[in-house]
Amino acid sequence: MDITPIKSALDDEALTGTTITVAGWVRTFRNDRFIALNDGSTIRNLQCVIDQNAVDAATRARFTTSASVRCTGTLVPSQGSGQRVELQVADVAVLGDSDAEAYPIQPKKHSLEFLRENAHLRFRTNTYSAIFRIRHQVSFGIHEYFDSLGYCYFHSPVITASDAEGAGEMFRVSTLDVKRPPLTEGGDVDWKEDFFGAEARLTVSGQLQAENAATALGKVYTFGPTFRAENSNTTRHLAEFWMVEPEAAFLDLHGDMDLAEGLCKHLIARVLRNSLDDLKFLDARLKEEEATKPKEQRSELGLVDRLRFVLDNPFERITYDQAIDILLRSKPYQKKQFQFPVEWGVDLQSEHERYLVEKHFKKPVIVTGYPAGIKAFYMRVNSPGDFGYSEKGTTVAAMDVLFPGIGEIIGGSQREERLDVLEQRMDEMHVPKGELWWYLDTRRFGTVPHAGFGLGLERFVLFVTGMGNIRDVIPFPRTPKSAAF
RNA sequence: UCCCUGGUAGCUCAGCUGGUUAGAGCACAUGACUGUUAAUCAUGGGGUCGCUGGUUCAAGUCCAGCCCGGGGAGCCA
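Residues numbered from 1 in each chain as written. Chains lettered and ligands numbered in written order. Predicted model: local features only at pLDDT ≥ 70, side-chain atom pairs only at ≥ 80, totals over all residues. Heavy atoms only, no water.

(A) How the structure looks around the overall build of chain A. From N to C terminus, chain A includes 14 helices and 16 strands. Considered along the principal axes of its C-alpha atoms, chain A spans approximately 85 × 60 × 45 Å. Expressed as a percentage of its 485 residues, the buried residues of chain A come to 50%. If you take every contact in chain A between residues at least 6 apart in sequence, the share linking residues at least 24 apart comes to 69%. Of the roughly 23300 Å² that chain A leaves accessible, carbon and sulfur atoms contribute 51%. (Helix = DSSP H or I, 4+ residues; strand = E, 2+ residues; numbered from the N terminus. Buried < 20%, exposed > 50% of the residue type's maximum accessible area, 1.4 Å probe, protein only. Contact = heavy atoms within 4.5 Å. Areas by Shrake-Rupley, 256 points an atom, 1.4 Å probe, with all protein chains shown as cover.)

(B) Fine view of the sheet that holds strand β5 (residues 85-96). Taking strand neighbours around the barrel as the criterion, the five strands line up as β1-β2-β3-β5-β4 in a closed arrangement whose pairing is mixed. Averaged over all pairs of adjacent strands, the angle between strand axes in this sheet comes to 55 degrees, irrespective of strand direction. Pairing geometry for strand β4 (residues 68-77) and β5, over ten bridges, is antiparallel. In the sheet register, valine 69 faces β5, and the bridge partner there is valine 94. (Pairing = 2+ DSSP bridges. Axes fitted to C-alpha atoms, helices over the stretch in contact; angles between N-to-C directions.)

(C) Region of the structure containing the protein's contact with RNA strand B. In the neighbourhood of RNA strand B, 53 residues make up the surrounding shell, with Asn53, Glu86, Thr234, His237 and Arg459 lying closest. Here, RNA strand B places atoms within 4 Å of the protein, and 45% of those atoms are sugar or phosphate. At a separation of 3.1 Å, a base nitrogen of RNA strand B approaches a polar side-chain atom of arginine 33. Threonine 235 is positioned such that a nitrogen or oxygen atom in its side chain is 3.3 Å from a phosphate oxygen of RNA strand B. Ranked by the residues each element gives to the surface near RNA strand B, the list is headed by strand β15 (residues 407-414), at four residues. Here the surface near RNA strand B is built from residues that sort into ten nonpolar, 27 polar and 16 charged. (Near = heavy atom within 4 Å. Polar contact = N/O pair within 3.5 Å; in protein donor to acceptor, adjacent residues only side chain to side chain. Nonpolar A, V, L, I, M, F, W, Y, C, P; charged D, E, K, R; others polar.)

(D) Up close: the nonpolar core. One finds Ile142, Phe146 and Phe460 to be the most contacted residues of the largest nonpolar core, which totals 63 residues. In terms of residues, this core owes the most to one element, helix α6 (residues 253-274), which gives ten residues. Excluding residues within four positions of it along the chain, phenylalanine 146 makes contact with Tyr151, Tyr221, Val244, Pro246, Leu259, Leu263 and Phe453. Ile318, Ile326, Leu356 and Tyr370 belong to the second largest nonpolar core, which has 31 residues in total. (Core = buried A, V, L, I, M, F, W, Y, C linked by side-chain atoms within 4.5 Å.)

(E) Summary view of the packing of helix α4 (residues 126-148) against α6. In the contact formed by α4 and α6, the axes pass within 9 Å of each other and the chain directions differ by 135 degrees. As summarised for this structure, α4 and α6 are arranged oblique, according to the angle between their axes. Here α4 runs over α6; the crossing is right-handed. Contacts from Ile134, Gln137, Val138, Phe140, Gly141, Ile142, Glu144, Tyr145 and Phe146 of α4 reach α6 at Asp258, Leu259, Gly262, Leu263, His266, Leu267, Arg270, Val271, Arg273 and Asn274. Of the residues contributing to the contact of α4 with α6, the split by class is ten nonpolar, five polar and four charged. (Parallel < 35°, antiparallel > 145°, perpendicular 65-115°, else oblique. Left-handed = near helix turned anticlockwise from the far one by under 90°.)

(F) Local environment of unusual backbone geometry. Of note in this structure, phenylalanine 250 is not a glycine but carries a positive phi near 60 degrees. Looking at where phenylalanine 250 falls in the secondary structure, it is placed in the loop between β11 (240-249) and α6. At lysine 336, a position not held by glycine, the phi torsion is positive, near 55 degrees. Summarising the element assignment, lysine 336 is placed in the loop between α10 (331-334) and α11 (350-361).

(G) Expanded view of the domain arrangement of chain A. Partitioning chain A into domains gives domain 1 (6-103), domain 2 (126-169 + 204-472) and domain 3 (172-198). Between the C-alpha centres of domain 2 and domain 3 there is a distance of 37 Å. (Domains from an automatic or database assignment.)

(H) Layout of the side chain of arginine 459. Position of arginine 459 among the secondary structure elements: in helix α14 (residues 457-465). Of the buried charged residues, arginine 459 lacks a salt bridge, with glutamate 408 as the closest side chain of opposite charge at 5.6 Å. Within the structure, the side chain of arginine 459 is placed 3.1 Å from the backbone oxygen of arginine 236, a separation counted as a polar contact. Excluding residues that lie within four positions of it along the chain, arginine 459 makes contacts with Arg236, His237, Ile406, Glu408, Ile409 and Ile470. (Lys, Arg positive; Asp, Glu negative; His and termini not counted. Salt bridge = Lys/Arg side-chain N within 4 Å of Asp/Glu carboxyl O.)

Below, the structure is given as structure tokens:
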């Protein structure tokens, strides 16, 4: 039996007048006659009209919220005003009952907190089904973008024996007995006895391995789960998240910025093209939510308009020096409204990034040329004439893409390809060179200028969906003290 | 980890300065309904007031500790 997706039933005008079978989950059953059926193919429901003479009362009583149902009938123009077509049901089967008393999700508005606690069922709501369809569009668009530019999808390992990547605290991977681990003569845990014969951890980044690949395959990108054991309790952090990390040989900082901006725009364009129903739903939801907020906290543009605006305008590209200048001349600085100091050499705080993006430029901003002291060892040291070079101190070819409401959505850089400079920086920052010999080999044998970045998938989905909490844009969020489901 | 804030019915929330039997809307159950759009109408059931201890004649309400959620900050993507 062919099952027609509800999306096709609603959109394909050639199906009107034909007999089709649809299958999905009941959203509501009204007037003992109308099933609003959803199968996940679209946010819209198909109205299935039951003939009460043909379907007995006992069966009709089983059309409860979230029961799974299969309906066969004729697709006809609707007599009601809420939809273009509806299904005149000739045959209906309840595939799986849903006890209305026990089922937690009701046909009403629920708080996101409650739905988060029912993460296994929240996909059945309009909001979350929209989010995860959009997440799919973004994921697929990532492959589409890099493939179209000749990038090779590269699978970096999830388990690593190196903790020198410096991107954050790592989770340990071990098969040793936690209560009685083997010990060395000195009384320490003997990791040689562990599964990998060394201390192993979950990756915090595939970048270093991607650099190995880029200096052979030319252009690569990784896309997979990444793990950080930081005790971060915010709306923008997860312990397990998905990251995209392109890395390309013969690419400089400007090319890197072009690549990052191009990716963001490609993804936004794709979502606008393929997920407009879902976006419009989230847009309306957002407006409703914002109506309860004071005027100054409301955003000027709706979700769809915001996405179009980002798509249509170039990202602002400034140096760290310029960012500091703007902040020093800003009203909040002069009125002493910033909590953290603004001076050359210290990192930009959330409040500073927010000011630049949301108040000053009112669009995405790429900041380059950060002081070397606050950035990772592998970033290229700037020389006079480089964009981002500063008279005030040593800077590196870093670039952070800052988005309104979210802050840093992409962090990247041109990499230090000069072996001597790289080794000196590793010494300064106490990065163990011995452990990273395989990484340094890229600079020993045919080193080339190259660049890349990391984009947090969930942060991007957060922006595209207009959601406020990163735990709502990943199916089963892992955060400190929480790994349920 | 730090700061702020909250936890009362399945959900969303009200409950004043401590004082009868802790309320509402929605949901749910039963009944009605052949054009509904989060359908509607009638009737009904439903509570360890987060946990533990304390103050008091009396605690949902006051105090202390703990647990959990939310917002913000740091770390970052």
